[in-house]
Amino acid sequence: MARLRAAARALGDVDVSGWDDATLTDHLDDLSKVLCTLDAELARVADAVRARGFRIEEPKAA
């Protein structure tokens, strides 16, 4: 769980809104690969949880 929380915090620190178009273009291939990999891994973990009969739900607002 600590590794998942660390990954979520790391993603929270990513802000591409400050990148200019040239920088984004330069990194777009790598960014796309990383985002697709993250998506696949998140889906894998979620599917494993669901396969055991559990639901994944949004946390309730405090």
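Up top is the structure.
Position labels on residues start from 1 in each chain and follow its written sequence. In keeping with the model being predicted, local features are shown solely for residues with a pLDDT of at least 70 and side-chain atom pairs are shown and tallied solely at 80 or more, while totals for entire chains, interfaces and linings include all residues. Excluded from the side-chain calculation are hydrogens and water; included are all heavy atoms of the structure.

1. Side note on the environment of A46
Part 1 of the reasoning: Put simply, DSSP H or I for four residues or longer makes a helix, DSSP E for two residues or longer makes a strand, and each gets a number counted from the N terminus. Looking at the element boundaries, A46 is found in helix α2 (residues 21–51).
Part 2 of the reasoning: For the pair A46 and I56, spaced ten residues apart in the sequence, the C-alpha separation amounts to 7.3 Å.

2. Describing α2
Part 1 of the reasoning: Along its length, α2 shows its largest kink, about 55°, at L28.
Part 2 of the reasoning: For α2, the N-terminal cap is D20; the gap from its side-chain oxygen to the backbone nitrogen of A22 is 3.2 Å.
Part 3 of the reasoning: Phi turns positive one or two residues past the end of α2, at G53, with a value near 90°. Values of bend correspond, residue by residue, to the angle between axes fitted over the seven residues ending at that residue and the seven starting there. Each polar contact in these results corresponds to two N or O atoms within 3.5 Å; when the atoms are within protein, one needs to be able to donate a hydrogen and the other to accept it, and residues that are neighboring in sequence are counted only if both atoms are side-chain atoms.

3. Some thoughts on the layout of surface pockets
Part 1 of the reasoning: Residues are called lining when one of their atoms sits within 4 Å of a cavity or pocket point, these points coming from a 1 Å grid over the protein atoms alone, where a cavity is a set in which a 1.4 Å probe fits but cannot get out and a pocket is an open set with protein on both sides within 12 Å along at least five of seven lines. Grid points are joined across faces, edges and corners, and a volume is the space filled by probe spheres set on the points. Of the pockets and cavities examined, the largest pocket occupies roughly 470 Å³.
Part 2 of the reasoning: For the largest pocket, the lining is made up of 13 residues, of which L4, A7, E41, L42 and V45 are closest to its centre.
Part 3 of the reasoning: With six residues, the top contributor of residues to the lining of the largest pocket is α2.
Part 4 of the reasoning: Split by residue class, the lining of the largest pocket holds ten nonpolar, no polar and three charged. Residues are grouped as follows: nonpolar covers Ala, Val, Leu, Ile, Met, Phe, Trp, Tyr, Cys and Pro; charged covers Asp, Glu, Lys and Arg; every other residue, Gly included, is treated as polar.

4. Considering the pattern of salt bridges
Part 1 of the reasoning: The working definition used for a salt bridge is a side-chain nitrogen of Lys or Arg within 4 Å of a carboxyl oxygen of Asp or Glu. Applying the stated rule across the entire model yields three salt bridges.
Part 2 of the reasoning: Across the pair R44 and E41 runs a salt bridge whose closest N-O atoms are separated by 2.8 Å. Of this pair, R44 and E41 both sit in helix α2, three residues apart, roughly one helical turn.
Part 3 of the reasoning: One salt bridge connects R55 with E57, and the closest N-O pair in it is separated by 3.4 Å.
Part 4 of the reasoning: For E57, a relative accessible area of 47% corresponds to the partly exposed category. Buried residues are those whose accessible area, probed at 1.4 Å on protein chains only, stays under 20% of the maximum for their type, while exposed residues exceed 50% and partly exposed ones sit between those limits.

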